[in-house]
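Here are the chains, one letter per residue:
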Amino acid sequence: SVDNDAVIEHSQLDEEEMGMTYAELGLYGTFRKLQRCGPVSMYRKLVGIWTHLSPAEVAAKVKRFFVYYSINRHKMCTLTPAYHAEGYSPDDNRFDLRQFLYNTRWP
């Protein structure tokens, strides 16, 4: 049997460690893969959605996402695809012509 309290605690620690919630990650993934947003276009869309945050806070969240994205993007080209039930799931990467090497120290 699975201890639900342990699962919830682990999930919350995960989110604290990343500095983003899983709901935010889902939104980032949708904007990045399906709507083909880069940092600027993602910021512009999220400022309109996340009205509870200041524009500076939204910018910090988008920058944080893209720092981690740039650190890990190359792995998508080398790892075997796994099942992921989202519209932006990884495929076999034959037709994914997006850039995969990024400068991790971008502003």
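Residues numbered from 1 in each chain as written. Predicted model: local features only at pLDDT ≥ 70, side-chain atom pairs only at ≥ 80, totals over all residues. Heavy atoms only, no water.

Undergrad: So what's going on with the overall build of the chain? Residues and values would help.
TA: Across its full length, the chain holds 5 helices and 0 strands. Put simply, the chain runs from its N terminus to its C terminus through helices and strands in the order α-α-α-α-α. When the 107 residues of the chain are sorted by exposure, 21% land in the buried category. Long-range pairs, those at least 24 residues apart, make up 53% of the contacts in the chain between residues at least 6 apart in sequence. Carbon and sulfur atoms make up 58% of the accessible area of the chain, which amounts to about 7800 Å² in all. (Helix = DSSP H or I, 4+ residues; strand = E, 2+ residues; numbered from the N terminus. Buried < 20%, exposed > 50% of the residue type's maximum accessible area, 1.4 Å probe, protein only. Contact = heavy atoms within 4.5 Å. Areas by Shrake-Rupley, 256 points an atom, 1.4 Å probe, with all protein chains shown as cover.)

Undergrad: Pulling in residues and values, what's your account of the packing of helix H2 (residues 22-34) against helix H4 (residues 55-72)?
TA: It is at 12 Å that the axes of H2 and H4 come closest, and there the two elements cross at 70°. Viewed along their axes, H2 and H4 adopt a mutual orientation that is roughly perpendicular. Across the interface between the two elements, Glu-24, Leu-25, Tyr-28 and Arg-32 from H2 touch Lys-61, Val-62, Phe-65, Phe-66 and Tyr-69 from H4. A class-by-class count of the residues in the contact of H2 with H4 yields 6 nonpolar, no polar and 3 charged. (Axes fitted to C-alpha atoms, helices over the stretch in contact; angles between N-to-C directions. Parallel < 35°, antiparallel > 145°, perpendicular 65-115°, else oblique. Nonpolar A, V, L, I, M, F, W, Y, C, P; charged D, E, K, R; others polar.)

Undergrad: Which residues make up the environment of Gly-48, and what values go with them?
TA: Structurally, the position occupied by Gly-48 is in helix H3 (residues 39-49). With a relative accessible area of 54%, Gly-48 lands in the exposed category. Spatially, the C-alpha atom of Gly-48 lies 10.0 Å from that of Val-58, the residues being 10 residues apart in sequence.

Undergrad: Kindly report on H2, identifying the contributing residues and their values.
TA: In a regular helix each residue adds 1.5 Å, so 13 residues correspond to 18 Å; H2 covers 17 Å between its end C-alpha atoms and thus fits that length. Taken together, the buried positions of H2 are occupied by Glu-24, Gly-26, Tyr-28, Gly-29, Phe-31 and Arg-32. On its buried side, H2 packs onto H3 and H4. At the exit of H2 stands Arg-36, carrying a positive phi of roughly 55°. (Expected span 1.5 Å × (residues − 1).)

Undergrad: Please set out the packing of aromatic side chains residue by residue, giving values where relevant.
TA: According to the stated counting rule, one finds 5 aromatic pairs in the structure shown. Ring geometry for Tyr-28 and Trp-50: centres 6.0 Å apart, planes at 75°, overall edge-to-face. One end of the pair, Tyr-28, is in helix H2; the other, Trp-50, is in the loop between H3 and H4, and 22 residues separate them in sequence. Accessibility expressed as a relative area gives 8% for Trp-50, which makes it buried. (Phe/Tyr/Trp six-rings, centres within 6.5 Å; stacked < 30°, edge-to-face > 60°.)

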